Amino acid sequence: MRILISNDDGYLAPGINALAEALAPIADITVVAPDSNRSGASNSLSLDRPLSVQQAANGFYFVNGTPTDCVHIALTGMLVERPDLVVSGINNGPNMGDDTLYSGTVAAATEGYLFGIPAIAFSQGEYGWGNIDAAARVARDIVQRYAEALEKPYLLNVNIPTRTYEEMGPLTPTRLGRRHQAEPVIKARDPRGREIFWIGPPGACKDAGEGTDFHAVQQGRVSVTPLQIDLTHRDQLAQLKKALA
Ligand code: MN
């Protein structure tokens, strides 16, 4: 099995190192990741400048672009053979509910999925890389368990509690929850006295009931959400057709 690995925290992040180490024994891996932290990059492509690919001493490739750039370049011109699976992460912190729309981790997997390749995004339930090796072991379990079992292509969003492997709850199929709106921006002054703004943290959980990703991770379970990309609101499409008839 050939696996393309990317992330949004950058090629030096502990999460992508742990993921590559866990998957190397079971697959032919290639790592193509951003040269710096591009968390929150969503599905962005860099169209205003050229991109370059360099290789680090450990064999990882790094790109001066977004997570989506990395997977796009790998699939459209860099890799000689098409991968069987694209994986992304393991992200520093959760990507649940609305996070999935902003996430570069999910975006890297999405880019593989849009090219018809099964893809999985992995994130840890908390920030700080605690028990990252346990999370990587869970990621490998999931790759081994799902790679052949699901109808292809699939796009899975996985959030792994920050626990030891022994204490890890079971894999749990979930739907995305919802957050409250994001916290307000943080206002400050630059050294010249001009007002500047830092984007604030995401909102707290709003829909975090049973069956959601938030609920599963809070219970110490590994949340696995199958995603789709069609954003069409079917009910409103019917209303719109009626209104415009
Ligand atoms: Mn990130």
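Residues numbered from 1 in each chain as written. Predicted model: local features only at pLDDT ≥ 70, side-chain atom pairs only at ≥ 80, totals over all residues. Heavy atoms only, no water.

## Describing the pattern of salt bridges
At step 1: This structure, assessed with the given rule, holds six salt bridges.
At step 2: The residue glutamate 81 makes a salt bridge to arginine 2 at a minimum N-O spacing of 3.4 Å. Here glutamate 81 is found in the loop between helix H2 (67–78) and strand S5 (85–91), whereas its partner arginine 2 is found in strand S1 (residues 2–6), with 79 residues between them in sequence.
At step 3: Since its relative accessible area comes to 48%, glutamate 81 is described here as partly exposed.
At step 4: Using a relative accessible area of 28% as the deciding quantity, one classes arginine 2 as partly exposed.
At step 5: Note that arginine 194 and aspartate 190 form a salt bridge whose closest N and O atoms lie 2.9 Å from each other.
At step 6: Residue classification places aspartate 190 among the buried positions, given a relative accessible area of 16%. (Salt bridge = Lys/Arg side-chain N within 4 Å of Asp/Glu carboxyl O. Helix = DSSP H or I, 4+ residues; strand = E, 2+ residues; numbered from the N terminus. Buried < 20%, exposed > 50% of the residue type's maximum accessible area, 1.4 Å probe, protein only.)

## Looking at the coordination of the manganese ion
At step 1: Within the protein, the atoms that donate to the manganese ion are Asp8 (OD), Asp9 (OD), Ser39 (OG) and Asn91 (OD1), at distances of 2.1 to 2.2 Å.
At step 2: Read in sequence order, the donor residues coordinating the manganese ion give the pattern D-D-x29-S-x51-N. (Donors = N, O, S within 2.8 Å, 3.2 Å for Na, K, Ca; no water.)

## Some details on the sheet that holds strand S3 (residues 53–55)
At step 1: The sheet built from nine strands is open, its strands ordered S3-S4-S2-S1-S5-S6-S7-S13-S8 with mixed pairing. The two strands at the open ends of the sheet, each matched to only one other strand, are S3 and strand S8 (171–173). With direction set aside, neighbouring strand axes in the sheet form an average angle of 25 degrees.
At step 2: In the sheet, S3 pairs with strand S4 (residues 61–63) via three bridges, with the strands oriented antiparallel. Of the residues in S4, the one forming a bridge with glutamine 55 is tyrosine 61. (Pairing = 2+ DSSP bridges. Axes fitted to C-alpha atoms, helices over the stretch in contact; angles between N-to-C directions.)

## Structural notes on the packing of helix H1 (residues 14–23) against helix H5 (residues 132–146)
At step 1: Taken N-terminus to C-terminus, the directions of H1 and H5 make an angle of 45 degrees; their axes are 9 Å apart at the nearest point. As the angle between them shows, H1 and H5 are arranged oblique. The handedness of the crossing between H1 and H5 comes out as right-handed. Contact residues: H1 offers Pro14, Gly15, Ala18, Leu19, Ala22 and Leu23, while H5 offers Ile132, Asp133, Ala136, Ala139, Arg140 and Val143.
At step 2: For the contact of H1 with H5, the residue count by class is nine nonpolar, one polar and two charged. (Parallel < 35°, antiparallel > 145°, perpendicular 65-115°, else oblique. Left-handed = near helix turned anticlockwise from the far one by under 90°. Contact = heavy atoms within 4.5 Å. Nonpolar A, V, L, I, M, F, W, Y, C, P; charged D, E, K, R; others polar.)

## A word on the pairing of S5
Across a regular strand the side chains alternate sides, sitting on one face of the sheet and then on the other.
At step 1: Counting buried residues along S5, seven of its seven residues qualify, which places the element largely inside the surrounding structure.
At step 2: Direction of pairing for S1 relative to S5: parallel, over a ladder of four bridges. Along S5, the bridge assignment pairs leucine 4 with valine 86.
At step 3: Both S5 and strand S6 (residues 119–124) contribute to a ladder of four bridges, which runs parallel. Residue pairing for S6: valine 86 is matched across the bridge by alanine 119.

## Some details on the nonpolar core
At step 1: Ranked by internal contacts, the top residues of the largest apolar core, which has 39 residues, are Ile5, Val87, Ile120, Phe122 and Val158.
At step 2: Listing elements by their share of this core, those giving two or more residues are S1, H1, strand S2 (28–34), S5, S6, H5, strand S7 (155–160) and strand S13 (222–226).
At step 3: Here this core gets nine residues from one element, more than from any other, and that element is H5.
At step 4: Core analysis: the second largest hydrophobic core is formed by 16 residues, Val32, Val71, Tyr113 and Ile117 among them. (Core = buried A, V, L, I, M, F, W, Y, C linked by side-chain atoms within 4.5 Å.)

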